[in-house]
Amino acid sequence: MSTHLENSLQRDVERISTKVTEMGALTELALQDCIKAISENDRQLAYAVILRDQYVDEKEKEIDRLCLEFLVRQQPVAGSLRFVYSTIRINLELERVGDYAESIARQLLKVSPVPPDVPMAGLIELSRLSISMLREAIRSFVAQDAELARRTIELEDAVDLQKSMLIKQFVEGIGADRDKLFSIELTRYTTESDVFGPIDVPKLREEGVQVRNPVGTMRAAHFVDVGEIFDAQGLLRSMLGTL
């Protein structure tokens, strides 16, 4: 027979799980609508995505509050502590997804109407795969389904492949030189030299001027594909953010 404390803990876990599901639904809708806005050149829908981002932010704050209350009231250990810690991390990631959707909508407003050489079919397929991963990831967490989580992780390779194909289609579609494309997946080990080029040591020695050799780096590219920016070191993220 369950104790009062066990029942209270379970109710709190279910309440937080429900809010995570709601947060996932909001971000999924934002992604679906921003892709629909692009494919249909719907500026009004893009504006709606931007305005609705406030609901994502409000839900993030609500989940944070519930997690803090859970920590104080339940003083969880073991599995319950891992659950609330994971929720806090997931909540942050979902808020970023909402920000991505808002950013996509804002970019649409800048370039609308979308140029005809954009490979729309590839973009829609990429969004379908990505949104499916998001949906399944939330389901696996709420249901605590490790097998579903593993299957969801395995879809990442298909998403990466589709993204690479999409970028190549776009570059070819506008008649650009593939050699002018700089592509990199950032990790915590990626350095500024990997992205912006190594420091020209002879010039530094002879003239006391610190400059970077841009050959084969982002600075020499006409098109840039930078993945996993949030995995990069803080300094590198800041440098990229100023571009």
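Before any of the text, the structure's been laid out above.
Residues numbered from 1 in each chain as written. Predicted model: local features only at pLDDT ≥ 70, side-chain atom pairs only at ≥ 80, totals over all residues. Heavy atoms only, no water.

## A look at the environment of Arg-65
Our working rule: For the purposes of this entry, the term helix denotes a DSSP run of H or I that reaches at least four residues, the term strand denotes a run of E that reaches at least two, and both are numbered from the N terminus.
Following the sequence through the fold, Arg-65 ends up in helix H2 (residues 43-74). Between the C-alpha atoms of Arg-65 and Ile-88, which are 23 residues apart in sequence, the distance is 10.0 Å.

## Things to note about the environment of Leu-92
Here Leu-92 shows up in helix H3 (residues 78-111). Along the sequence, Leu-92 and Asp-64 sit 28 residues apart, while their C-alpha atoms lie 9.2 Å from each other.

## A short note on the packing of helix H1 (residues 4-40) against helix H4 (residues 120-142)
To keep it simple, the criterion reads: Note on geometry: axes are lines fitted to C-alpha atoms, helical ones only across the stretch in contact, with angles between N-to-C directions running from 0 to 180 degrees. The scheme is simple: roughly parallel for angles under 35 degrees, roughly antiparallel for over 145, roughly perpendicular for 65 to 115, oblique for anything else. Should any heavy atoms of two residues lie within 4.5 Å, those residues are counted as being in contact.
Packing of H1 against H4 leaves a shortest axis separation of 10 Å and a crossing angle of 175°. When the axes of H1 and H4 are compared, the pair comes out roughly antiparallel. In this structure, H1 contributes Ser-17, Val-20, Thr-21, Gly-24, Thr-27, Glu-28, Leu-31, Gln-32, Ile-35, Ile-38 and Ser-39 to the contact, and H4 contributes Met-120, Leu-123, Ile-124, Ser-127, Ile-131, Leu-134, Arg-135, Ile-138, Phe-141 and Val-142.

## Comments concerning H4
What counts, and what does not: Multiplying 1.5 Å by the residue count of a helix minus one yields the expected span of that helix. Each residue is placed in one exposure class: buried if its accessible area under a 1.4 Å probe, protein chains only, is under 20% of its type's maximum, exposed if it is over 50%, and partly exposed if it falls in between.
Between its terminal C-alpha atoms H4 stretches 33 Å, which fits the 33 Å expected from 23 residues at 1.5 Å a residue. Residues Gly-122, Leu-126, Ser-127, Leu-129, Ile-131, Met-133, Leu-134, Glu-136, Ile-138, Ser-140 and Phe-141 constitute the buried set of H4. Where H4 ends, the next residue or the one after it, Gln-144, has phi of about 55°, a positive value.

## Comments concerning the packing of H3 against H4
How we decide: Note on convention: the crossing is left-handed when the near helix lies turned anticlockwise from the far helix by less than a right angle, right-handed when the turn is clockwise. Throughout, the ten residues Ala, Val, Leu, Ile, Met, Phe, Trp, Tyr, Cys and Pro are labelled nonpolar, Asp, Glu, Lys and Arg are labelled charged, and all others, Gly among them, are labelled polar.
Contact geometry of H3 with H4 gives a least axis separation of 12 Å together with a crossing angle of 165°. In terms of their interaxial angle, H3 and H4 are classed as roughly antiparallel. The interaxial crossing formed by H3 with H4 has left-handed handedness. Every residue of H4 that contacts H3 at Phe-83, Ser-86, Thr-87, Ile-90, Leu-94 and Val-97 is listed here: Leu-134, Ile-138 and Phe-141. When the residues that make up the contact of H3 with H4 are grouped by side-chain class, the tally is seven nonpolar, two polar and no charged.

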